[in-house]
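# Observations on the model geometry
Take a look at the letters that make up each chain.
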Amino acid sequence: MHELSIAMEIMDVVEKEAVGHGARRVKVIHLRIGDLSGVLIESLSFCFETIRGEKDLTKDAQLIIDRVPVRILCRPCESEFAGDGFLVRCPSCEGLDTELLQGDELSIAEIEVD
Ligand SMILES: [Zn+2]
């Protein structure tokens, strides 16, 4: 049920934004979700579909999700590489002093309204 609470939180933010801008309806919600965010995108989409009809403002809203791949920086040698976790070894120098550049985001990138 993790994704349901996330979907509800997103809806809350979207509604406040839309109402604040005097919108009559929300057309599209763009999300950025990192591969390390722990969010199951299919499950989130399903929860979103389930709750969007509760309000006229959001009943026709489409959810567009941009998946953000994991990018990691190696501090000592400054090379950047793709990864699938927090603890990874640099492929160039085999160091472990790395930093996550992107991949843990869960944010609303854009809301299109009428
Ligand atoms: Zn390195």
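Here the structure is a predicted model, which is why all the values come from computation and not from measurement.

A count of helices and strands for the protein chain gives 2 helices and 6 strands. Relative to its length of 114 residues, the protein chain is extended, with a C-alpha radius of gyration of 18 Å against a globular reference of 13 Å. Across its three principal axes, the protein chain shows a C-alpha extent of roughly 55 × 30 × 15 Å. A burial count over the protein chain gives 22% of its 114 residues as buried. Here the analysis covers contacts within the protein chain between residues at least 6 apart in sequence; of these, 72% occur between residues at least 24 apart.

Ordered in space as β4-β3-β5, the 3 strands form an open sheet in which the pairing is antiparallel. A strand with exactly one partner marks an edge of an open sheet, and here the two such strands are β4 (80-82) and β5 (98-102). Strand-to-strand twist of the sheet, defined as the mean angle between neighbouring strand axes without regard to direction, takes the value 35°. Here strand β3 (residues 71-74) pairs with β4 via 3 bridges, running antiparallel. In the strand pairing of β4, Arg71 is matched with Ala82.

This brings us to the nonpolar core. Counting 17 residues, the largest nonpolar core has Ala7, Val14, Val26, Ile29 and Leu44 as the members making the most contacts within it. Listed by contribution, the elements that provide at least two residues to this core are α1 (2-20), β1 (26-34) and α2 (41-51). Residue contributions to this core peak at 6 residues, all from α1. In contact with Val26, not counting residues within four places along its chain, are Val14, Ala18, Leu57, Thr58, Ala61, Ile111 and Val113.

Here the protein chain averages 94 in pLDDT, while 98% of its residues score no lower than 70. Of all secondary-structure elements in the protein chain, the lowest mean pLDDT belongs to β5, at 93, while β1 reaches the highest, 98.

Tracing the chain through its elements places Asp12 in helix α1. A tally of 10 C-beta atoms within 10 Å means that Asp12 is categorised as exposed. Taking the C-alpha atoms as reference points, Asp12 and Asp114, separated by 102 residues in sequence, lie 18 Å from one another.

Reading guide: rules and limits
Residues numbered from 1 in each chain as written. Predicted model: local features only at pLDDT ≥ 70, side-chain atom pairs only at ≥ 80, totals over all residues. Helix = DSSP H or I, 4+ residues; strand = E, 2+ residues; numbered from the N terminus. Rg over C-alpha atoms; globule rule 2.2 N^0.38 Å. Buried ≥ 20, exposed ≤ 12 C-beta atoms within 10 Å, placed from the backbone. Contact = placed C-beta atoms within 7 Å. Pairing = 2+ DSSP bridges. Axes fitted to C-alpha atoms, helices over the stretch in contact; angles between N-to-C directions. Core = buried A, V, L, I, M, F, W, Y, C linked by C-beta atoms within 7 Å. pLDDT = per-residue confidence, 0-100.

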